[in-house]
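# Examination of the molecular architecture
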Amino acid sequence: MDLNTVEELDRPKGGAAVAARAGRLNDSEAWLAGGTWLFSEPQPRVSKLVDITGAGWAPLTINTCGLEIAATCTVAELDALRTPEDWRAAHLIGACSRAFLASFKIWNVATVGGNLCMGLPAGPMISLTASLDGACRIFGRDGSEWEVPALDFVVGPQQTVLRPGELLRSIRIPVDRLRRPAAFRRIALSPMGRTGALVIGTLAPSGGIDITITGATPRPVRIAFHTVPDATSAARAVDAAIPVGGWYDDVHGSPEWRRAMVKEFAGEISEELGAAARMRQ
Ligand SMILES: Cc1cc2nc3c(=O)[nH]c(=O)nc-3n(C[C@H](O)[C@H](O)[C@H](O)COP(=O)(O)OP(=O)(O)OC[C@H]3O[C@@H](n4cnc5c(N)ncnc54)[C@H](O)[C@@H]3O)c2cc1C
């Protein structure tokens, strides 16, 4: 779509030039990443776009600490990543990449950072990074930098912790989370539909599990268990953690359906990770 209110396109070259703009954008200016959302609907407020894709940040960096995903990394680049064999949670990358209501055309330009910054309940990169305890690195005003857990980055539908003009630089995922056995469940109302509920569980070395709920709630919700619960206890814990009014409601699923699906998935994931825990013993 033509954005006919946009009069200026700023394309800083290099990481330093992009970082220098952080915290300095005014209300009529917006960061441009893949542009798949920005160009999908009118943006009457926006008169200037600042393109961050010339930053030249390495899309993906694997080191002893884990994985750093640049905000500008595309979903296609992330999906193509070859991961170390002991990263047992790596299958979540492919599963979450395929959880977009989108074609390959979107995949090839949509960025991981753009997905987090959109803050949609159905944002699969939010599901991935929140469930693996990623840390979001943010560039603020005057060269300042701060971090926030990916679990807390989105605070509601299309709302994040970013202050005006701040820039998401990258998401760091710790290696111990990538090494955990993980289970994934997702459902949409139709085969190619937008996510209605997406639940991920990971098994900690201590024998506990972390269940992360996205898609069904306005923001990610974590339920942590010290030991693997049975399916009934896991479903009960979902009810205890999320009040009746705490479920997301839109055309992609009613709150009642989302609640029922998440309870079912929490039970299934507990059983799956319980079996993984028994094999480890
Ligand atoms: C057909 C179609 C299907 C889609 N399906 C889904 C879906 O299933 N789930 C879903 O969540 N989304 C979906 N989207 C929306 C969108 O494509 C994705 O959220 C995508 O990941 C956004 O990334 P982008 O790089 O294109 O962001 P852009 O469109 O470039 O930017 C999105 C927003 O984030 C801001 N932004 C981008 N990067 C940064 C940064 N690093 N720091 C601060 N702000 C930043 C921009 O200013 C803008 O407000 C879909 C869109 C289309 C057109």
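Reading guide: rules and limits
Residues numbered from 1 in each chain as written. Predicted model: local features only at pLDDT ≥ 70, side-chain atom pairs only at ≥ 80, totals over all residues. Heavy atoms only, no water. Helix = DSSP H or I, 4+ residues; strand = E, 2+ residues; numbered from the N terminus. Contact = heavy atoms within 4.5 Å. Domains from an automatic or database assignment. Buried area = accessible area lost by both parts, 1.4 Å probe. Pairing = 2+ DSSP bridges. Axes fitted to C-alpha atoms, helices over the stretch in contact; angles between N-to-C directions. Near = heavy atom within 4 Å. Polar contact = N/O pair within 3.5 Å; in protein donor to acceptor, adjacent residues only side chain to side chain. Nonpolar A, V, L, I, M, F, W, Y, C, P; charged D, E, K, R; others polar. Salt bridge = Lys/Arg side-chain N within 4 Å of Asp/Glu carboxyl O. Buried < 20%, exposed > 50% of the residue type's maximum accessible area, 1.4 Å probe, protein only. Arc of directions from axis to C-beta. Parallel < 35°, antiparallel > 145°, perpendicular 65-115°, else oblique. Left-handed = near helix turned anticlockwise from the far one by under 90°. Core = buried A, V, L, I, M, F, W, Y, C linked by side-chain atoms within 4.5 Å.

### Considerations on the environment of leucine 81
In this structure, leucine 81 sits in the loop between helix 2 (75-79) and helix 3 (91-97). Along the sequence, leucine 81 and aspartate 2 sit 79 residues apart, while their C-alpha atoms lie 33 Å from each other. Those residues in contact with leucine 81, other than ones at most four positions away along the chain, are Leu60, Ile62, Leu67 and Ile93.

### Topic: the domain arrangement of the protein
On domain assignment, one finds that the protein holds domain 1 (8-51), domain 2 (60-176) and domain 3 (181-280). Between the C-alpha centres of domain 2 and domain 3 there is a distance of 20 Å. Facing the 23 residues of domain 2 at the interface are 22 residues of domain 3. Interface area, domain 2 with domain 3, both sides summed: about 2000 Å², of which 65% is carbon and sulfur.

### With respect to the sheet that holds strand 5 (residues 66-70)
Spatially, 5 strands are ordered 4-5-10-6-7 in an open sheet, and the strand pairing comes out antiparallel. In the strand order of this sheet, the two ends are held by strand 4 (60-63) and strand 7 (145-149), each with one partner. Between one strand and the next, the sheet's axes are offset by a mean angle of 20 degrees, whatever the strand orientation. In this structure, strand 4 lies alongside strand 5, joined through 4 bridges in antiparallel fashion. Paired with leucine 60 across the strands is isoleucine 69, a residue of strand 5.

### Concerning the site of the ligand
Surveying the vicinity of the ligand reveals 28 residues, the closest of which are Trp31, Gly35, Thr36, Leu101 and Thr111. Here tryptophan 37 contributes a backbone N or O atom positioned 2.9 Å from an oxygen atom of the ligand. Secondary-structure elements contributing two or more residues to the shell around the ligand are helix 5 (112-118) and strand 10 (167-174). Among the elements that take part in the shell around the ligand, helix 5 stands out by supplying 4 residues, more than any other. Across the shell around the ligand, the residue classes break down as 19 nonpolar, 7 polar and 2 charged. Two domains each donate at least three residues to the shell around the ligand, and these are domain 1 (8-51) and domain 2 (60-176).

### A few points about the pattern of salt bridges
Within the structure shown, the criterion is met by 23 salt bridges. Ionic pairing is found between glutamate 68 and arginine 172, a salt bridge with its closest N-O pair at 3.8 Å. Here glutamate 68 is found in strand 5, whereas its partner arginine 172 is found in strand 10, with 104 residues between them in sequence. Glutamate 68 gets classed as buried once you look at its relative accessible area, which sits at 16%. Residue arginine 163 is joined to glutamate 166 by a salt bridge in which the shortest nitrogen-to-oxygen separation is 3.0 Å. Assessed through its relative accessible area of 6%, glutamate 166 is described here as buried.

### Quick word on helix 9 (residues 231-241)
Looking at helix 9, one finds that the buried residues are Ala234, Ala235, Ala237 and Val238. The arc that holds every buried residue of helix 9, seen down its axis, measures 155 degrees, which confines them to one face. Residues of helix 9 that are exposed and angled more than 90 degrees away from the buried face: Arg236 and Ala240. Buried residues in helix 9 make contact with strand 14 (221-225) and helix 10 (255-280). Where helix 9 begins, the capping side chain belongs to aspartate 230, and its oxygen is found 3.2 Å from the backbone nitrogen of threonine 232.

### Examining the packing of helix 9 against helix 10
Between helix 9 and helix 10, whose axes approach to 8 Å, the crossing angle comes to 140 degrees. When the axis of helix 9 is compared with that of helix 10, the two are oblique. Read as a crossing pair, helix 9 and helix 10 show a hand that is right-handed. Residue-level inspection shows Ala231, Ala234, Ala235, Val238 and Asp239 of helix 9 in contact with helix 10, the latter providing Arg259, Val262, Lys263, Ala266, Gly267, Ser270 and Glu271. Broken down by class, the residue content of the contact of helix 9 with helix 10 amounts to 6 nonpolar, 2 polar and 4 charged.

### Some words on the environment of alanine 183
With respect to the element layout, alanine 183 can be found in strand 11 (residues 182-188). Here alanine 183 falls in the buried class, since its relative accessible area comes to 0%. Separated by 25 residues in the primary sequence, alanine 183 and glutamine 158 place their C-alpha atoms 27 Å from one another. In contact with alanine 183, not counting residues within four places along its chain, are Leu92, Val199, Ile200, Gly201, Ile269, Glu272 and Leu273.

### Examining the nonpolar core
Ranked by size, the top nonpolar core spans 37 residues in total, and within it Leu116 and Met125 carry the most contacts. Two domains each put at least three residues into this core: domain 2 (60-176) and domain 3 (181-280). Judged by nonpolar contacts, the second largest core, of 23 residues, contains Ala183, Leu203, Val221 and Phe225.

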